Amino acid sequence: MTVEIKRKTRREFFLGHRKAERALRPVGAISRLDFQEICTQCGECVRACPEKIIHQGDEGYPQLDLSRGGCTFCGRCTLACETGALRQDIEWPHRATVANNCLCIDAVQCRACQDHCDQQAIRFRLATGGRALPLIDQSQCTGCGACVAPCPVQAIKIQTLSPQTGNHP
């Protein structure tokens, strides 16, 4: 599975949009370049997903939208893929991270991410000023994204781990 950086359209380039969006491919996706060569954009993985979190992106390739819910890693998308663009033997290299716009950083009580984490990978550490800061145990986190949708300020992101160190890039 790879995180793909969407290429800027000519319009985005001239309008000055600098931040590239990342398309999160479904579980089991092969490398980005191979994926784009092999995937026929048939939509079978989209139809097979019981969670309805896979959709056809702007370029027609399937991508995950974890704002719709988390992935259960059921494997139905990989079974539905006849081309081999999604394979069951490819590990999911993504984990959750918390951005600086998390409400808890400003001492607002919110534990929505923790409440939705079945793996109990998200905990809160007491800090000064009555705050409790979120900590993600990367060894417990599966990268399922169940914590993404409930976050009221979209502070939870799913990012690719660096293959050499297991840390975020």
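Everything numeric here is computed off the predicted structure, so don't read it as measured data. (Residues numbered from 1 in each chain as written. Predicted model: local features only at pLDDT ≥ 70, side-chain atom pairs only at ≥ 80, totals over all residues. Heavy atoms only, no water.)

## Some words on the environment of Arg47
Within the fold, Arg47 resides in helix H3 (residues 44-48). Placed 30 residues apart in sequence, Arg47 and Cys77 show a C-alpha to C-alpha distance of 8.2 Å. Once residues within four sequence positions are removed from consideration, Arg47 is found in contact with Cys42 and Lys52. From its side chain, Arg47 meets the backbone oxygen of Cys42 in a polar contact 2.8 Å long. (Helix = DSSP H or I, 4+ residues; strand = E, 2+ residues; numbered from the N terminus. Contact = heavy atoms within 4.5 Å. Polar contact = N/O pair within 3.5 Å; in protein donor to acceptor, adjacent residues only side chain to side chain.)

## Focus: the confidence of the model for the protein chain
Per-residue confidence for the protein chain gives a mean pLDDT of 85; residues scoring 70 or more make up 82%. This model gives residues 1-8 a pLDDT under 50, and the stretch forms 42 contacts once residues within four places in sequence are excluded. Below pLDDT 50 for its whole length, residues 164-169 participates in 12 contacts with residues either more than four positions away or in separate chains. (pLDDT = per-residue confidence, 0-100.)

## A look at empty space enclosed by the protein
Under the definition given, this model contains three cavities of 30 Å³ or more. Along the walls of the largest cavity sit 14 residues, with Cys102, Cys110, Cys113, Cys151 and Ile156 positioned nearest its centre. Classifying every residue of the lining of the largest cavity by side-chain character gives 14 nonpolar, no polar and no charged. What the second largest cavity holds in volume is close to 70 Å³. The wall of the second largest cavity is formed by 14 residues, among which Ala96, Cys117, Cys141, Cys144 and Cys147 lie closest to the centre. Class assignment for the residues of the lining of the second largest cavity results in 10 nonpolar, four polar and no charged. (1 Å grid on protein atoms, 1.4 Å probe; cavity = no way out; pocket = protein on both sides within 12 Å on 5 of 7 lines; lining within 4 Å. Points joined across faces, edges and corners; volume = space filled by probe spheres on them. Nonpolar A, V, L, I, M, F, W, Y, C, P; charged D, E, K, R; others polar.)

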